Amino acid sequence: MNIIVCVKQVPDTTDVKIDPKTGTLIREGVPSIVNPDDKHALEEALRMKEKFGGKVTVLSMGPPQAEDALRECSAMGADDMVLLCDRAFAGADTWATSYTLGEAAKKIGYDLIICGREAIDGDTAQIGPQMAEHLHLPQITYVKNVETDGNKIVCERALEDGYEKIEASLPALITVIADLNKPRYPSVRGIVEAYREKKVTVWNAKDICADGTCIGMEGSPTSVKRSFAPEPKGKGEVLKGSVKEMSKQLVVKLKDKNVLR
Amino acid sequence: MEFALTKEQEMVRKTAREFAEKEIAPIAADIDERAEFPAETVRKLGALGFMGMTVPKEWGGSGMDDISYAIAVEEVSRVCASHGVTMSVCNSLVCWPLMKFGTDAQKEKYLKPVASGKVLGCFGLTEPNAGTDAGSQATVARKEGDKYIINGSKVFITNASKSDVTILFAMTDKSKGTKGISTFVVDSNTPGYSIGSIEKKMGIRASIQTELVFQDMEVPAENLLGKEGQGFKIAMATLDGGRIGIAAQALGIAQAAYEESVKYAKQREQFGKPISSFQAIQWFISDMATEIDAARLLVYKAAFDKWKGRPYTTSAAMAKYFASDVAMKATRNAIQVHGGYGFTKDYAVERFYRDAKITEIYEGTTEVQKMVIAGDLLK
Ligand SMILES: Cc1cc2nc3c(=O)[nH]c(=O)nc-3n(C[C@H](O)[C@H](O)[C@H](O)COP(=O)(O)OP(=O)(O)OC[C@H]3O[C@@H](n4cnc5c(N)ncnc54)[C@H](O)[C@@H]3O)c2cc1C
Ligand SMILES: Cc1cc2nc3c(=O)[nH]c(=O)nc-3n(C[C@H](O)[C@H](O)[C@H](O)COP(=O)(O)OP(=O)(O)OC[C@H]3O[C@@H](n4cnc5c(N)ncnc54)[C@H](O)[C@@H]3O)c2cc1C
């Protein structure tokens, strides 16, 4: 069973700051980590490999330093590392990113693609579903449990108040949530191999035969108009008096704020 | 000269820290209180390759460098010094001499299982009357045909009752003094091998030390490690490396004491402001940070010397001497920063203080480190 795990390198913080002038994420001084959901994706892939054999490839699109994220995954047990790195990929929105990842996936070959549910910096949770669309694959999102016999997968898909049980034939794409498993730690030997013995395969736009109009800024139907850090919330106000008085005050305030007319 | 870790070393630190914080931190206070050996987390550390880090892959280890090893012991000891010594003994006192002096058959049978984390090992040198004076071995190995008959006892042996493999020192020829000592690698299930009483200790309570007693224990001649009479040299060479592990343990304890102090000083208020605003407290913090940094440089330097194949007897002795002293001072002052609360078991600094003391004692007391350093400088 050949599995591709999509891995994003993200800043190690859940409250990323945005530069008010440029509208981009401030990444300086923030250490980078493997996107947390993606470690669960990798763990599941490694377990499947242990059961069915085959190969686990970790795939990332990003700047050269995203290599570190791939090496960490390799230290955990991934066999191959592929980094998509090209200036032409820059400025990609989720649509262009998922196209690019999809083209690379075609070149690698797969029975199953596993993505994290969402990245802690971008937060869109769109990459997995869009990749599946690009590749015309069945997709199951929010997966909290997977079973497979190597030909099909049966997943529990988390909902707010329960879960759906969904079966899909392979090849397929799933996006996974943290409840799925507990990711393993890299082993010391894995670290040695990841850094001294294994190589990261780096592909540019030409290597994956990408259509130039589908990648990077040009391939992105959306563009960022403005990014901003939300204003901190003001202090809450406690109303006093009898229930009747408080209700009256509340109605006035809500009208003030145009919540009621 | 460059003061930066390699990416690989950073990854080791990150992994060891994550493991220690997630797996060990939740149990550290409890296993200390109950003096319980943490078999499960020790097994997990072994499975991840932390018990034979620098042993080459073909012998079950990971082929990692010595600085990474020091970093791993430091990070684990930052959370629990008991796990730290368990690791240090397996890596430095068991795997290293087997790798350095063992035959291929000995490596296959004894090194592989320890280095790959399947079993633990221990190092039996100290006896009731042979502590600092390790040369006065009363344990005797008498050769009879193709085996040795060993009688005697050891004390304070770390991991002993949990080990499958013992690196054992015994007199093969008393007339030759220290040149009459030999080293054996012994299966713990050998008839005549028995475990004595367990030490009750003030610190590193979740590590285990016991007596070992040997009564007419028959050990095959092929289990002689190195040559007959080479034992004292093997012991001293092994302890040179062991000291890097213990220095790293001391460093981790000191680092933990420092971090707890910073956290507490910012949050505890007296006279209407955080105690961190008082210069007296600030000076504790700056002293700790400065000394810990100096200790870290000495520890990594010693590990670097070893990794590069340079002489490291003196740098390792300096690292252990200094780092253990820093650990004592940092933990003592960490309690001071915490005031009365630091004296209670509600705060981890109480444990750090008790744990720090042993680093001045085992694998050569501080006095011994100074003797080693002076011996080198004045020769
Ligand atoms: C409108 C818009 C415009 C943008 N413009 C820019 C821009 O100009 N410059 C810029 O640098 N970024 C830009 N981005 C950010 C970038 O496109 C997204 O970060 C990226 O597409 C991934 O989306 P996400 O972080 O929301 O991931 P999600 O969809 O939340 O991630 C889900 C999963 O997809 C996989 N995944 C996501 N990203 C990658 C990746 N790069 N490699 C491998 N696997 C991955 C992982 O498995 C992850 O867990 C833009 C984003 C948007 C929405
Ligand atoms: C928790 C723990 C774990 C241990 N683990 C192991 C282990 O795994 N394997 C093992 O073999 N041993 C182990 N030991 C033993 C340890 O290495 C010895 O305790 C240590 O070497 C000191 O020996 P001693 O206790 O006999 O003290 P002594 O040698 O009796 O020393 C007493 C004091 O005299 C000083 N002193 C002695 N000789 C001199 C001198 N010539 N000049 C100046 N001062 C001197 C010492 O520095 C010390 O201050 C362990 C001990 C403990 C407490």
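Nothing here was measured: the structure is a model prediction, and the numbers come from that model. (Residues numbered from 1 in each chain as written. Chains lettered and ligands numbered in written order. Predicted model: local features only at pLDDT ≥ 70, side-chain atom pairs only at ≥ 80, totals over all residues. Heavy atoms only, no water.)

Peer 1: Would you take a moment to explain the domain arrangement of chain B for this structure?
Peer 2: Where interface size is quoted, it is often the accessible area lost as the parts come together. All names here are of chain B. Each assigned domain of chain B is listed here: domain 1 (7-120), domain 2 (122-232) and domain 3 (238-377). Between domain 1 and domain 3, the contact holds 26 residues from the first and 30 residues from the second. Overall, the association of domain 1 and domain 3 removes approximately 2200 Å² of surface from exposure, summing both partners, and the carbon and sulfur fraction of that is 58%. For domain 1, the biggest contributors to the area lost against domain 3 are Asp66, Glu74 and Arg78; these three give 25% of the whole. (Domains from an automatic or database assignment. Contact = heavy atoms within 4.5 Å. Buried area = accessible area lost by both parts, 1.4 Å probe.)

Peer 1: Is there a simple way to think about the packing of helix α2 (residues 67-76) of chain A against helix α5 (residues 188-197) of chain A in this case?
Peer 2: Residues and elements named next belong to chain A. The geometry of α2 relative to α5 is characterised by a closest axis approach of 7 Å and an angle of 140° between their N-to-C directions. By the angle between their axes, α2 is oblique relative to α5. Taken as a pair, α2 and α5 cross one another with a handedness that is right-handed. Along the contact surface, α2 presents Asp68, Arg71, Ser74 and Ala75, while α5 presents Gly190, Ile191, Ala194 and Tyr195. Along the lines of polarity and charge, the residues of the contact of α2 with α5 split into four nonpolar, two polar and two charged. (Axes fitted to C-alpha atoms, helices over the stretch in contact; angles between N-to-C directions. Helix = DSSP H or I, 4+ residues; strand = E, 2+ residues; numbered from the N terminus. Parallel < 35°, antiparallel > 145°, perpendicular 65-115°, else oblique. Left-handed = near helix turned anticlockwise from the far one by under 90°. Nonpolar A, V, L, I, M, F, W, Y, C, P; charged D, E, K, R; others polar.)

Peer 1: Help me understand helix α2 (residues 39-47) of chain B, please; the structure alone is not making it clear to me.
Peer 2: Since the α-helix advances by 3.6 residues per turn, residues separated by three or four positions end up pointing in the same direction. All names here are of chain B. Of the residues making up α2, those classed as buried are Thr41, Val42, Leu45 and Gly46. An end-on view of α2 places all buried positions within 145° of arc, on one side of the element. If you follow the buried residues of α2, they end up packed against α1 (7-34), α3 (66-79), α4 (81-101) and β1 (120-124). (Buried < 20%, exposed > 50% of the residue type's maximum accessible area, 1.4 Å probe, protein only. Arc of directions from axis to C-beta.)

Peer 1: What is the right way to look at the site of ligand 1 in this model?
Peer 2: Residue and element names in this part refer to chain A. Taken together, 28 residues surround ligand 1, and among them Cys6, Lys8, Asp38, Ala92 and Thr124 come closest. Methionine 61 is positioned with one of its backbone polar atoms (N or O) 2.9 Å from a nitrogen atom of ligand 1. Look at ligand 1: alone it shows 930 Å² of surface, and the protein chains cover 78% of it. When contributions to the shell around ligand 1 are tallied by element, the ones reaching two or more residues are β4 (55-61), α3 (94-108) and β6 (112-116). Of the residues assigned to the shell around ligand 1, the class counts are 11 nonpolar, 10 polar and seven charged. (Near = heavy atom within 4 Å. Polar contact = N/O pair within 3.5 Å; in protein donor to acceptor, adjacent residues only side chain to side chain. Areas by Shrake-Rupley, 256 points an atom, 1.4 Å probe, with all protein chains shown as cover.)

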